[in-house]
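Observations on chain architecture
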Amino acid sequence: MVATASINFSSMICYSILGPFFPAEAEKKGASNTIVGMIFGCFALFNFLTSLILGNYLTQIGAKFMFVAGMFISGCVTILFGMLDKVPSGPLFIALCFLVRAMDAIGFAAAMTASFSILAKAFPSNIATVMGSLEIFTGLGLVLGPPLGGFLYQSFGYEVPFITLGCLVLVLVPVNMYLLPKYDAIPSKDSFWKLILLPKVLLLCFIIFSLSSGLGFLDPTMSLFILKKFNLPAGYVGLVFLGLAVSYSVSSPLLGFLSDKLPYLRKWLLIFGSFITAACFFMLGPAPVLHIESKLWMFVLVLVLLGFSLGMCAIPVFPEALHCAYENGFEEGLSLLGLVSGLFSAMWSLGSFVGPTLGGFLDEKLGFEWASAIQGGWSLLSGLAIGIFYIVETTRRSSSSGLQSPPGNNEERTLLLASET
């Protein structure tokens, strides 16, 4: 758990330091808002493709080797990203940004796919609790990344944030080589297609997509909106990001504990979490149709609520997907964990590609207020979809229980239904 916590923490710092200053720096180098969004989205696109492949071949490659190799690649390319300010402005700078981000995505995908599988293998009965606890380190990375990146950038320039954090990741590589156990596993005949074609898993993937799309949308757009709307210096912009990251990291352990101890709450967490997330994106601008004037205190308050709602959705997804796979005959073991981990990472990455790419375009054409409201539509649709699915599932099980129970035995039928739902 210590090893996976270290990659969560260091990776999130490396990922989140870009937010406060890179969009403005890239604009100086000739990149438009749309191009900046595509640079952020490029990371997610390659993460998506790599996660599917690595998740499928986790048992052949080895979880420990994949994890350590991913950290090493991520540390090296983070340092390389810090050298890009020496590149001439224009197409060459933009092309190298895409190349380095793509390499970083491959390393990140390897480390995260392996880490999810290792955690689920080590703590099979408390997956959500452990993942919720580890989200503290994810949240810490997101918390420290923007203000640390903004401070280092403002104090020492463009290169120092990337070199410092890249070296931190490289130092953690030998630590994880020593701490991580080696897990042996037999490859399974189950496939991604069999898993993703399960209706419930497909809807869970849509929820993951909507969450990551929302977070990805904020990366290239929110810092520019704050700078223009509230006239804050770059060093203070990172502090605004704290609202989302702190609330997410603080609430995740509790949500994970509830998800494991009271599994029937997962459906309600997913449904209401999606609806609250949608409402938060409508209020970030706020949406012009609401006719509410934007205030800094209100913006931060919405980010705090958004962090909590993201935890409500993200924490129960992994154990819910695993439970669905077990119900449909998938073989228990590291091979299945690799499939679910790869699918989880891939869908998260797909949303992280669509979010900044489409978000950067909409922000440029319509403004942050409308772009944020449109982004909230993904979460609204995912909440409605999973809510309808659970209603249909409960109705079907109720009907099945009624047919199987003897006529007039209402008390026994009620107990059976309660145990199933």
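Residues numbered from 1 in each chain as written. Predicted model: local features only at pLDDT ≥ 70, side-chain atom pairs only at ≥ 80, totals over all residues. Heavy atoms only, no water.

Topic: the nonpolar core
Note the threshold: Take the buried Ala, Val, Leu, Ile, Met, Phe, Trp, Tyr and Cys residues and link them wherever side-chain atoms come within 4.5 Å; each set so joined is a nonpolar core. Residue exposure (1.4 Å probe, protein chains only): buried if accessible area is under 20% of the type maximum, exposed if over 50%, otherwise partly exposed. A helix here means a DSSP run of H or I that spans at least four residues, while a strand means a run of E at least two residues long, and both kinds are numbered starting from the N terminus. Working rule for contacts: check all heavy atoms of both residues, and any pair within 4.5 Å makes them a contact.
L195, I207, L218, L284, F299, L303 and L306 are the most contacted members of the largest nonpolar core, which has 58 residues in total. For this core, the secondary structure elements donating two or more residues are helix 9 (192-196), helix 10 (199-230), helix 12 (242-261), helix 13 (266-284), helix 14 (296-327), helix 15 (334-366) and helix 16 (368-404). The element that contributes the greatest number of residues to this core is helix 14, accounting for 16 residues. Beyond its immediate stretch of four places on either side in the chain, L218 contacts S223, L244, F281, L284, L306 and F368. In this structure, L18, I39, I94 and Y153 belong to the second largest nonpolar core, which totals 19 residues.

Structural notes on the pattern of salt bridges
What counts here: By convention in these notes, a salt bridge is any Lys or Arg side-chain nitrogen within 4 Å of a carboxyl oxygen on Asp or Glu.
Enumeration according to the criterion identifies 3 salt bridges in this entry. Its salt-bridge partner being E320, residue R266 comes within 3.5 Å of it at the nearest N-O pair. With R266 in helix 13 and E320 in helix 14, the pair connects residues that are 54 residues apart, well separated along the chain. Both residues of the pair, R266 and E320, belong to the buried class.

So, the packing of helix 12 against helix 14
Stated formally: Angular values range over 0 to 180 degrees, each being the angle between N-to-C directions of two axes fitted as lines to C-alpha atoms, with helices fitted over their stretch in contact. The handedness criterion is simple: a crossing whose near helix is rotated anticlockwise from the far helix by less than a right angle is left-handed, and one whose near helix is rotated clockwise is right-handed. Classification convention: Asp, Glu, Lys, Arg as charged; Ala, Val, Leu, Ile, Met, Phe, Trp, Tyr, Cys, Pro as nonpolar; all other residues, Gly among them, as polar.
Relative to each other, helix 12 and helix 14 sit at 35°, their axes nearing to 7 Å. In the crossing of helix 12 with helix 14, the sense of the turn from one axis to the other is right-handed. Here helix 12 contributes G243, L244, S247, Y248, S251, S252, L255, G256 and S259 to the contact with helix 14, which in turn contributes L303, V304, L306, G307, F308, L310, G311, M312, A314, I315, P316 and P319. Class assignment for the residues of the contact of helix 12 with helix 14 results in 13 nonpolar, 8 polar and no charged.

Some remarks on the confidence of the model for the chain
Selection rule: A residue's pLDDT is simply how confident the predictor is in it, with values from 0 to 100.
Across the chain, the average pLDDT comes to 77, with 78% of residues at 70 or higher. Mean pLDDT across the elements of the chain bottoms out in helix 17 (residues 410-420) (43) and peaks in helix 13 (90).

Points about a nonpolar patch on the surface
Going by this rule: Patches here: salt-bridge-free residues with over 30% relative accessible area, like charges joined within 9 Å, nonpolar side chains (Val, Leu, Ile, Met, Phe, Trp, Tyr) joined within 5 Å. The Shrake-Rupley method, run with a 1.4 Å probe, gives the accessible areas here. Residue values count only the displayed protein chains as cover.
Residues V289, L290, I292, L366, W370 and I374 make up a contiguous nonpolar surface patch of roughly 510 Å² in combined accessible area. Here I374 shows up in helix 16. By relative accessible area, which is 39% here, I374 ends up partly exposed.

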